[in-house]
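Working through the structure, step by step
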Amino acid sequence: MTLRIEIGLKAGIPDARGALVVQKARTFLGLAITRCRVRDVYKVDVPLTKRQDKEIREAFTDPVVNRSATGRLKAPPFDWLIEIGFKPGVTDNVGRTARSVVADMLGRKLAPGEDVYTSAQYFLTAPGLTRENVKALAWDLLANRLIQTADIFSESEWNSSPVDTSVPAIRERPRIEVQTVDLGGSDEALMKISREGILSLSLAEMHAIRDHYLDPAVRGRREALGLPEWPTDIELECIAQTWSEHCKHKIFAAEVRYDDGSGEIQTITSLYKTYIQAATRKVAEQVDWLVSVFSDNAGVIRFNDHLNVVIKAETHNSPSALDPYGGSITGIVGVNRDPLGTGIGAELLYNTWGYCLGSPFYDGDLPEGLMHPRRIRDGVHHGVIDGGNQSGIPWVRGFECFDDRFIGKPLVFCGTIGRMPRLINGKPSHEKEVLPGDRVVMAGGRIGKDGIHGATFSSEELRQESPAQAVQIGDPITQRKLYEFLIEARDAGLYRTLTDNGAGGLSSSIGEMCRMSGGATLDLSKAPLKYQGLQPWEVFLSEAQERMSLAVSPDTLDELIALAERRDVELSVLGTFTDDGRLTLTWGDKLTGILDLDFLHDGCPRMVIEARWTPPRIAAPAPAGSGSRSKLLEALLGDLDVCSREYKSRSYDGEVKGLSVVKPFVGVEADVPSDATVCRVTLDSHEGLVIAEGINPFYSDLDTYWMTAAVVDEAVRRIISAGGRPGTIAGLDNFCWPDPVQSEKTPDGAYKMAQLVRANQALYDICTGLNVPLVSGKDSMKNDSTRGGRKISIPPTLLFTAMGKIDDVRSAVTLSFKQPGDDLWLVGLTKDELGASAYHRMLAKTQGTPDSVGGNVPTYDLETAKRTYAAVAQAIREDLLNASHALTRGGLAIGASLCGLGGNLGAEIDPATIPVSSRLTKDALLFSESTGRFLVSSSPENRERLECLFADLPAARIGKVTEAPTIKIGKWIQRDLTRLRKMFKLPLHGV
């Protein structure tokens with residue numbers, strides 16, 4: 001009989017979870033709830049004695065703050081009760097941990113079918129609420145229909161209902177079935193197969209698959225093996241996953257016919273090879289520290305003679321739109337596995353995160369099926385916080401970017417940096433090798449329905465039919481055990497290589513690994529399942545989390561299995577790597593499919609995409625008029641484009657491991673965002689890394705070429721500003737784009753494709769000019785939503801992450817003013833470049849014309865920037881600068897304010913001394929976002945040396961640091977820091 005345990009807080013103990021529900025219900029839904037008490041429910045579906053019942057209940061109950069009961073705990077007075085649990089087969093992380101506790105207490109492993117299930121009860125005091133109100137609360141705030149159930153009771157219904165000891169039941173299929181998919185029908189029939197199967201295959205791709213199976217040689221081989229003429233479901237699903245946009249990057253590999261407006265058509269075969277790969281190859285001729293780029297799960301660069309550094313950033317946009325918590329937690333634990341699965345495995349050092357979201361204060365119409373941006377924001381933060389904090393990996397960089405074009409699909413960026421010894425057991429750690437005869441081993445979590453079609457559904461727009469099971473549920477505790485086991489096994493030489501079971505699950509990991517040996521044979525019936533009833537194709541395609549695939553020599557297999565047993569990590573031997581050129585799949589003795597590796601990986605037809613560039617015409621907002629700009633400065637500091645993101649950031653653990661030196665927030669009150677984060681790589685050395693990012697999707701409204709130039713400049717300039725050394729900086733490009741393929745549903749596809757071409761051209765130009773190689777990256781190309789019958793597309797977005805080396809972390813510089821009397825220098829030219837700036841966006845919103853953000857977009861002078869970077873870096877090496885800040889969003893006025901807030905010191909600036917390109921308006925002088933600029937402070941005794949260093953640059957002394965806590969810029973701005981700090985921190989505090 002199932003044991004039901006209910007656990008609640010003792011009387012008088014504040015209920016923080018309940019208070020948060022009350023706050024959110026009032027804020028999001030306008031529901032007047034006076035009190036909410038939250039309880040936890042455990043259902044232990046394990047045969048137990050009465051004594052064991054009591055012992056387990058006591059083990060689950062904190063005697064200091066909790067009271068508990070088996071069956072039912074006496075309820076507090078309430079009007080409505082909502083009980084929320086997980087649907088059958090959905091990963092229940094708390095239940096999984098509780099299962100381990102039960103097993104430990106019983107002194108035995110739990111048998112298949114024995115499990116622990118959890119749910120949460122919300123007792124609501126709200127006399128005015130109707131049942132419909134409570135349903136809205138359940139589904140719009142507390143639960144996600146995709147993965148959870150919600151039962152609603154009035155007080156009388158609850159008191160008269162029996163105690164529920166039922167557990168989520170998976171309906172088992174009577175037998176394993178392998179279907180054959182007939183591709184002999186019409187084009188309409190082929191596209192119906194693709195659409196209804198969530199295969200995301202085009203007609204040309206369906207034709208290519210059909211033609212392959214019609215090939216006489218292929219048909220002859222299949223007949224000899226007893227396979228059907230047409231593909232089995234597992235074969236077609238594997239091909240679709242491998243060919244998905246998410247995995248194959250078909251748009252970046254396409255043939256592009258680009259019209260730049262001149263009327264001449266330029267043919268570009270593969271944006272990736274032409275611009276990204278080519279840029280890195282060109283820079284590789286100038287630097288000697290690239291180890292492994294674009295050939296593994298993450299980029300590898302040499303840190304010193306003993307260590308390599310590994311870096312990767314990913315997106316988890318589509319699943320986070322459906323389930324913000326589940327989508328984002330798998331984003332962070334998934335990207336953790338990328339460095340872990342690079343070479344023979346890297347140790348994990350730091351995490352990064354960043355989100356592009358709709359405004360949390362959005363009050364417009366929301367299409368049916370979309371969540372409110374604030375709910376998405378809360379869920380995304382919660383997921384990445386849980387995934388990172390519980391994994392013991394600190395955060396070092398984070399950002400938020402708000403625009404209502406992200407309400408359809410949020411952008412959820414997660415990154416991880418790791419380290420690995422350059423040699424492990426005498427061999428280069430970055431090299432992968434798989435030999436015929438090696439065993440195919442899966443380690444970590446079990447396989448379920450979560451994550452099926454994750455790769456293919458992420459390769460299309462978000463629509464009403466997007467599958468619930470595409471969302472995975474991550475478990476950072478299980479992954480932590482897996483991680484520690486793998487590093488121990490790595491150092492002991494117990495496996496040959498490994499890779500992540502990411503998009504496509506086993507179909508992806510083994511499909512990639514077997515290319516190194518030449519083939520593989522897998523028996524999928526040996527894969528461990530969360531529950532019975534999965535079909536072979538589901539087992540092969542599931543992206544259920546916390547899993548890695550390994551190639552293991554038969555000589556070390558027994559020792560690896562023994563270590564996994566000691567470390568409580570599940571290990572399964574699924575097959576053998578071969579050299580026959582095929583991926584052979586069985587279920588026990590039954591052959592379920594054979595895939596030719598050449599066709600699987602190289603058979604996808606190349607797309608041909610049209611691209612036409614026409615510069616947009618966007619009006620500028622009306623000028624702000626004459627007079628002071630002090631109130632405008634306050635308003636801009638409090639605008640969502642600029643204001644503090646500190647409140648949410650403080651929930652992330654940034655101190656575990658103790659490696660960070662310059663934190664994400666700096667200053668005397670540690671509340672101003674730093675230009676970059678400076679970290680040590682090991683505790684026994686002062687050598688370190690400087691990490692920063694650049695992102696500005698708003699410039700894409702005007703020109704994606706200059707948007708890209710600006711974000712690369714921002715990231716690199718932040719590195720330099722903090723003390724990073726030029727010539728050591730590597731970059732990661734993460735493209736997120738709306739659908740750029742011209743079609744009936746995307747009539748402006750050719751323009752969006754031209755935007756992508758221009759962005760890639762800029763990436764090549766700037767990175768080769770600055771000698772910044774691109775060591776890794778990712779693209780996400782279908783960031784549109786048609787849910788609720790309304791199409792919403794994101795603005796073209798590029799996140800550029802930069803990582804550089806600092807020889808001694810003690811020499812790092814922060815942006816905070818340090819001492820009164822210091823000279824203030826502005827290094828770099830200020831131009832009339834307010835187009836799509838934070839200032840113009842703010843003006844346009846206040847004037848009721850939010851699209852009127854036009855003007856001159858910031859451009860980029862590469863040669864001047866290089867000389868400027870070199871001069872500032874030299875000044876830092878000579879210890880001449882007390883503060884340094886890379887001016888970005890909001891321009892000089894915002895930059896000076898942040899530096900002042902950091903040091904609690906003021907500034908006096910003379911606008912007449914600012915280096916300019918031509919006569920500028922005061923708004924351009926104050927708020928222009930011209931690239932390549934630094935605001936630095938230095939002691940007066942260094943003046944002569946800085947004049948020498950900056951002699952051939954557009955640079956000038958523009959003022960001084962003052963003890964009086966006031967930012968004063970000519971007659972235009974005069975504001976006290978206390979007032980500015982309040983405006984900066986207030987908008988998102990508590991939100």
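Before any of the text, the structure's been laid out above.
Residues numbered from 1 in each chain as written. Predicted model: local features only at pLDDT ≥ 70, side-chain atom pairs only at ≥ 80, totals over all residues. Heavy atoms only, no water.

With their axes 5 Å apart at the nearest point, helix α7 (residues 203-214) and helix α8 (residues 216-225) run at an angle of 65° to one another. Between α7 and α8, the contacting residues are His212, Tyr213 and Leu214 on the first element and Pro216, Val218, Arg219 and Arg222 on the second. Among the residues forming the contact of α7 with α8, the class breakdown is 4 nonpolar, 1 polar and 2 charged. (Axes fitted to C-alpha atoms, helices over the stretch in contact; angles between N-to-C directions. Helix = DSSP H or I, 4+ residues; strand = E, 2+ residues; numbered from the N terminus. Contact = heavy atoms within 4.5 Å. Nonpolar A, V, L, I, M, F, W, Y, C, P; charged D, E, K, R; others polar.)

What follows concerns the sheet that holds strand β9 (residues 290-292). Read across the open sheet, the 6 strands follow the order β9-β10-β11-β14-β12-β13; overall the sheet is mixed. The open sheet has two edge strands with one neighbour each: β9 and β13 (395-402). Along the sheet, successive strands turn relative to each other by an average axial angle of 20°, direction set aside. Here strand β11 (residues 307-315) pairs with strand β14 (residues 411-421) via 9 bridges, running antiparallel. Among the inter-strand pairings, Ala313 is bridged to a residue of β14, identified as Gly415. (Pairing = 2+ DSSP bridges.)

This part takes up the sheet that holds strand β7 (residues 255-259). Sheet architecture is open: 3 strands sit in the order β8-β7-β24, paired in mixed fashion. Edge strands, defined here as strands with exactly one partner in the open sheet, are β8 (265-269) and β24 (608-612). Taken over all neighbouring pairs, the strand axes of this sheet differ in orientation by 20° on average, direction set aside. Direction of pairing for β7 relative to β24: parallel, over a ladder of 5 bridges. In the strand pairing of β24, Arg257 is matched with Glu610. Sitting on the sheet, helix α25 (residues 749-770) is in contact with β7, β8 and β24, with an inclination near 85° to β24.

So, on to the pairing of strand β10 (residues 299-302). Taken together, the 2 bridges between β9 and β10 define a ladder with antiparallel strand orientation. Its bridge partner lying in β10, Leu290 is registered against Ile301. Remark: 6 residues form the turn of the hairpin made by β9 and β10, two consecutive strands paired antiparallel; Phe294 in that turn has positive phi of roughly 60°. Direction of pairing for β10 relative to β11: antiparallel, over a ladder of 4 bridges.

To continue, consider the pairing of β8. In this sheet, β8 lies alongside β7 in antiparallel orientation, the contact comprising 5 bridges. The residue bridging Glu255 from the neighbouring strand is Thr269, located in β8. Linking β7 back to β8 in an antiparallel pair, the connection comprises 5 residues, with Gly261 at a positive phi of about 105°.

Look at helix α28 (residues 891-903): 19 Å from first C-alpha to last across 13 residues, which is about the 18 Å you get at 1.5 Å a residue. Two residues or fewer past α28, Asn904 is found with a positive phi of approximately 55°. (Expected span 1.5 Å × (residues − 1).)

A few words on the state of the cysteines. Taken as a whole and judged by the stated rule, the model has 0 disulfides. Note on Cys736: no disulfide assigned, nearest cysteine sulfur contributed by Cys356 at a separation of 7.5 Å. Residue classification places Cys736 among the buried residues on the basis of a relative accessible area of 0%. (Disulfide = S-S within 2.5 Å. Buried < 20%, exposed > 50% of the residue type's maximum accessible area, 1.4 Å probe, protein only.)

As a further point, take the nonpolar core. By size, the foremost hydrophobic cluster in this structure holds 127 residues, and its most contacted members are Leu271, Val716, Phe735, Leu756, Leu763 and Phe800. With 10 residues, the single largest contributor to this core is helix α24 (residues 704-722). Contacts of Val716, omitting those with residues within four sequence positions, involve Ile729, Leu770, Val772, Phe800, Ala802 and Tyr869. (Core = buried A, V, L, I, M, F, W, Y, C linked by side-chain atoms within 4.5 Å.)

Quick look at the environment of Asp259 now. Structurally, Asp259 is set in strand β7. Judged by its relative accessible area of 17%, Asp259 is buried. Those residues in contact with Asp259, other than ones at most four positions away along the chain, are Glu264, Ile265, Ala611, Arg612 and Trp613. Of note is the side chain of Asp259, whose polar atom sits 2.9 Å from the backbone nitrogen of Gly261. (Polar contact = N/O pair within 3.5 Å; in protein donor to acceptor, adjacent residues only side chain to side chain.)

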